[in-house]
Amino acid sequence: MLKGGRVVDPTRGHDDVADVRLDGERIVEVGPDLADQAGDEVVDCAGLWVLPGLVDLHTHLREPGFEDAEDIATGSAAAAAGGYTAVAPMANTLPVCDTAAVAELVERRGRDVGLVDVRPVGAITVGLAGQRLAEMGELYDSHARVDFFSDDGIPVTDTLIMRRALQYAARFDAVVANHSQDMDLTEDAQMNEGRMSAVLGLPGWPHEAEEVMIARDLLLAAGLGARLHVPHVSTAGSVELIRLAKQRGVRVTAEVTPHHLHLDDTVVATYDPVYKVNPPVRTRDDVLALRAALADGTIDAVATDHAPHPHEQKDQEWDHAPCGMLGLETALAVVVTDLVEPGDLPLLDAVAAFTTRPAGVRDMGGHGGPIAPDAPANLVVVDPDARWTVDGRALHSRAHNTPFHGETLTSRPVHTLLRGRFTLRDGVVADPKVPA
Ligand code: DOR
């Protein structure tokens, strides 16, 4: 039994001190001052938050193919340490996740490791090449039940292919997420276009490059009644487009990363490639617009875009370094520190953005709450007062490329439970069920 924690369950709007009794894989009772029963293990949660296990719609686990950066075991350990019980790895692996065989392999390997449920994302096009649609129906019918498709960092530039993808996915009410980047507008681009790119003399990446593609995709989705998801929204203009589309009833959902909520483009003045990411970090005005959009629900979810890179690749001159940042182990703490603690986002809404809302974007397999009798015991217990300084080398990821290295954050997961089993206990990640 989890005793005396502040139970925050956005599915029921519940935020109150309560006990949570577990029996095996399930929650059996939630309420104040539950009587101890013989055989109950009591975990003291006084002063701690008890939340649904976190859900990440956008992760890179790099397996198969790029295990020098991360694999499903190390990425799952990072997820458990960050309070996640379900993650969705992107399709930009080798081989690409464009067949049922690869999706099933990734899902099964996640199950074998047993630290987090792994719900693969399928590619929109074969080999992420943007030419031919992947067998989306076969991916959906597979054991991995893929209901979310993306070519990840590569935009589907061909409007006809994008339209067909939305049309095909709509047949089984699946979701298509397109990386929003007009490649003509971003040729050689190295950072956000604006005052900082002018000062630093680096080729800029205009915000319109993101917005024109979102506008196109919103029009296509609206025309078809299809479901579009906008990944890693980074500009104030994108927020406006999504807000308008939602008002008009377009079936669109959107996510924002912790790094786009936290960093602005002044960090590029360090030329530290840890800050290089796609889409790039933008201006302070964009950061504030993203925060407001998360608070008012225009942006549904926080997603990490956890993108590990081996240091020999990432630690190069700025223009040679690959894009991407770690996120799984710091995401919740960044949002709590930046938004919840200062009073800009109620805790219930912050928790919803990590749990209920992403679980509503696609089927994440029984995650995201509720914390109620008969629900699977997918939970995270968080110490809201923990102050900790991020050390990239001490994270569970195989890679170290966190932009938060050296920053002091508030709040940290203490226990994570996946179907009643501790995957993180007293801050220590459990061993994988089946080692690599
Ligand atoms: O920064 C990024 N890194 N953005 C992407 O879209 C891809 C990702 C990666 O795979 O490293």
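Up top is the structure these notes are about.
Residues numbered from 1 in each chain as written. Predicted model: local features only at pLDDT ≥ 70, side-chain atom pairs only at ≥ 80, totals over all residues. Heavy atoms only, no water.

Asker: Explain the nonpolar core to me, please; I cannot follow it from the model alone.
Answerer: Where a protein is soluble and globular, its nonpolar side chains tend to be buried together. If you look at the biggest cluster of nonpolar residues, it comprises 81 residues, and the most contacted ones within it are Leu 294 and Ile 299. At seven residues, the largest contribution of residues to this core is made by helix H1 (residues 72-81). Core analysis: the second largest hydrophobic core is formed by 17 residues, Ala 18, Val 20, Val 381 and Phe 422 among them. (Core = buried A, V, L, I, M, F, W, Y, C linked by side-chain atoms within 4.5 Å. Buried < 20%, exposed > 50% of the residue type's maximum accessible area, 1.4 Å probe, protein only. Helix = DSSP H or I, 4+ residues; strand = E, 2+ residues; numbered from the N terminus.)

Asker: What should I look at first to understand a negative patch on the surface in this one?
Answerer: Together, Glu 67, Asp 68, Asp 272, Glu 312 and Asp 315 make up a negatively charged patch on the protein surface. Considering the arrangement of structural elements, one finds Asp 315 in the loop between helix H10 (311-314) and helix H11 (331-340). Given the relative accessible area of 53%, Asp 315 is considered exposed. (Patch = residues over 30% accessible without salt bridge, like charges linked within 9 Å, V, L, I, M, F, W, Y side chains within 5 Å. Areas by Shrake-Rupley, 256 points an atom, 1.4 Å probe, with all protein chains shown as cover. Salt bridge = Lys/Arg side-chain N within 4 Å of Asp/Glu carboxyl O. Lys, Arg positive; Asp, Glu negative; His and termini not counted. Charge placed at Lys NZ, Arg CZ, Asp CG, Glu CD.)

Asker: Help me out: how do you make sense of the sheet that holds strand E14 (residues 252-256) in this one?
Answerer: Sheets are built from strands paired through backbone hydrogen bonds, the pairs being either parallel or antiparallel. Pairing within the open sheet is parallel, and its five strands lie in the order E9-E10-E13-E14-E15. Only two strands of the sheet have a single neighbouring strand rather than two, namely strand E9 (148-150) and strand E15 (301-302). Direction of pairing for strand E10 (residues 175-177) relative to strand E13 (residues 227-230): parallel, over a ladder of three bridges. Across the sheet, the residue bridging to Val 175 is Arg 227, located in E13. (Pairing = 2+ DSSP bridges.)

Asker: Explain unusual backbone geometry to me, please; I cannot follow it from the model alone.
Answerer: Glycine aside, residues mostly have negative phi angles, and peptide bonds mostly take the trans form. Cis rather than trans, the peptide bond between Asn 278 and Pro 279 has omega equal to -5°. By secondary structure assignment, the location of Pro 279 is in the loop between helix H8 (258-262) and helix H9 (284-296). Across the junction of Gly 369 and Pro 370, the peptide omega takes the value 5°, indicating a cis bond. Even without a glycine there, the phi angle at Arg 145 is positive, about 45°. Structurally, Arg 145 can be placed in the loop between helix H3 (136-141) and E9. Of note in the backbone geometry, Asp 188 takes a positive phi value of approximately 65° without being a glycine. Relative to the assigned elements, Asp 188 resides in the loop between E10 and strand E11 (191-192).

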